[in-house]
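As a plain string of letters, each chain reads:
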Amino acid sequence: MHARIRAGDPDAFRELFRDHAQLVYRHAVRTTGDRSAAEDIVSLTFLEAWRLRGKLRDEGESPRPWLMGIAVNVLRNTGRAARRHERALARVPLRDVLPDFADELVGRIADSEELAAAKVALGQLRRAEREVFALCVWSGLGYAEAAEALGVPVGTVRSRLSRARARLRKLTDSELRRRGGRAEPLGAGGQVQGGRTTAARSNEERTR
């Protein structure tokens, strides 16, 4: 599969898209809180995968870590572009105050107060911690896969994830209290308790 991708085999890329597009999409939705933006992230990720196909190395059984590493970089770049756009808009005087639909988007995607609070709390983490948490907990990558995706040692992934979980528990509880909701602490595995939606633990941790 790796060799076929490097060679630009169209069938290999169709397989890559079929097997991993939903993973990239879910990761992007949870990271951005915006379904439309997530669709753009998927398109950009696979375009970048095609452009960078020659750099795929014969490591591991699946190209998933390589693809998710590209997705992380795309999210970083689009995030910076969005912030530049917001700063530019802030400098332009508006005649009318426009409504803020952020809460509506989060509610539509998460469909629970707990996950909405976790989403806000996640945005307060350091970027490195947030990326590790999203890859390992929400997208189900193992430590080794996340390390490959981010280009860091496995030990770094473990320590960042541990710090992210500890901070996320406190931040989520604080956000729930601020919203006037029932604050239920995150479980030891980093799950958001309550509601119909929970953050899945990483596949690697379920087998430990």
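As the structure is a prediction and not an experimental result, all values here were calculated from the model. Numbers given to residues run from 1 along each chain, matching the order in which its sequence is written. Given that the model is predicted, a residue must reach a pLDDT of at least 70 before its local features are reported, and side-chain atom pairs must reach 80 or more before they are shown or counted; all residues, however, enter totals for whole chains, interfaces and linings. Note that the side-chain values use all heavy atoms of the structure and ignore hydrogens as well as water.

### Overview of the pattern of salt bridges
To be explicit about the condition: A side-chain nitrogen of Lys or Arg and a carboxyl oxygen of Asp or Glu constitute a salt bridge if their distance falls within 4 Å. Helix and strand assignments follow DSSP, with helices taken as H or I runs no shorter than four residues and strands as E runs no shorter than two, numbered in order from the N terminus. Each residue gets one of three labels from its accessible area relative to the maximum for its type: buried under 20%, exposed over 50%, partly exposed in between, using a 1.4 Å probe on protein chains only.
A complete count under the given rule lists 14 salt bridges for this structure. Between Glu-15 and Arg-4 there is a salt bridge, with its nearest N and O atoms 3.0 Å apart. Placement of Glu-15 in helix H2 (residues 10-32) and of Arg-4 in helix H1 (residues 2-6) is noted, with a sequence separation of eleven residues between them. Taking relative accessible area as the criterion, Arg-4 reaches 30% and is therefore assigned partly exposed. Between Glu-175 and Arg-178 there is a salt bridge, with its nearest N and O atoms 2.7 Å apart.

### Describing the environment of Lys-55
With respect to the element layout, Lys-55 can be found in the loop between helix H3 (35-51) and helix H4 (64-90). With eleven residues separating them along the chain, Lys-55 and Trp-66 place their C-alpha atoms 9.4 Å apart.

### A look at the confidence of the model for the chain
Low pLDDT means the predicted coordinates in that region are not meant to be read closely. The test is simple: As a per-residue quantity, pLDDT reports the predictor's confidence and falls between 0 and 100. Pairs of residues are marked as contacts when any of their non-hydrogen atoms sit within 4.5 Å.
Confidence in the prediction of the chain, expressed as mean pLDDT, is 75, and 69% of residues score 70 or more. For the chain, the element scoring lowest by mean pLDDT is helix H10 (residues 203-206), at 43; H1 scores highest, at 93. Taken as a whole, residues 94-111 scores under 50 in pLDDT and shows 14 contacts with residues more than four places along the chain or in a different chain. Residue range residues 182-208 is modelled with pLDDT below 50. Its contacts to residues more than four positions away, or to other chains, number 63 contacts.

### Re the packing of aromatic side chains
What counts, and what does not: Only Phe, Tyr and Trp rings are paired, with Trp represented by its six-membered ring, and only when their centres lie within 6.5 Å; those with planes under 30 degrees apart are stacked, over 60 edge-to-face, the remainder tilted. Charge-over-ring placement is defined geometrically: NZ (Lys) or CZ (Arg) within 6 Å of the ring centre, and within 35 degrees of the ring normal.
As enumerated under the stated definition, the model contains three aromatic pairs in all. Judged by centre distance (4.9 Å) and plane angle (65°), the rings of Phe-13 and Trp-50 are edge-to-face. Separated by 37 residues along the polypeptide, Phe-13 in helix H2 and Trp-50 in helix H3 bring together distant segments of the chain. The exposure class of Phe-13 is buried, given its relative accessible area of 11%. A ring pair is formed by Phe-133 and Trp-138, whose centres lie 6.0 Å apart and whose planes are at 75°; its orientation type is edge-to-face. Cation over ring: Arg-53 sits above Trp-50, and NZ or CZ is 4.0 Å from the ring centre.

### Here we look at the packing of helix H7 (residues 127-138) against helix H9 (residues 154-179)
Heads up, the rule is: In this analysis an axis means a line fitted to C-alpha atoms, helices contributing only their contacting stretch, and an angle means the value between N-to-C directions, from 0 to 180 degrees. For classification purposes, angles smaller than 35 degrees are called roughly parallel, those larger than 145 roughly antiparallel, those between 65 and 115 roughly perpendicular, and all remaining angles oblique. Amino acids are sorted into nonpolar (Ala, Val, Leu, Ile, Met, Phe, Trp, Tyr, Cys and Pro), charged (Asp, Glu, Lys and Arg) and polar (every other residue, Gly among them).
At a minimum axis separation of 8 Å, H7 and H9 run at an interaxial angle of 95°. Considering the angle they form, H7 stands roughly perpendicular to H9. Note on element contacts: H9 touches H7 through Val-157, Arg-160, Leu-161, Arg-163, Ala-164, Arg-165, Arg-167 and Leu-168, opposite Ala-128, Glu-129, Val-132, Phe-133, Cys-136 and Val-137. Tallied by class, residues from the contact of H7 with H9 come to nine nonpolar, no polar and five charged.

### Side note on the packing of helix H8 (residues 143-150) against H9
Taken N-terminus to C-terminus, the directions of H8 and H9 make an angle of 105°; their axes are 8 Å apart at the nearest point. Between H8 and H9, the interaxial angle falls into the category roughly perpendicular. For the pair H8 and H9, the contacting residues are Tyr-143, Ala-144, Ala-146 and Ala-147 in the first and Val-154, Val-157, Arg-158 and Leu-161 in the second.

### With respect to the nonpolar core
Short version of the rule: The criterion is simple. A nonpolar core is a set of buried Ala, Val, Leu, Ile, Met, Phe, Trp, Tyr and Cys residues joined through side-chain atoms within 4.5 Å.
Core analysis: the biggest nonpolar cluster contains 46 residues, and Trp-66, Phe-133, Leu-135 and Val-157 have the highest contact counts within it. For this core, the secondary structure elements donating two or more residues are H2, H3, H4, helix H6 (113-123), H7, H8 and H9. With nine residues, H2 is the largest single contributor of residues to this core. When neighbours within four sequence positions are excluded, Val-157 is seen to be in contact with Val-132, Cys-136, Tyr-143, Ala-146, Ala-147 and Val-152.

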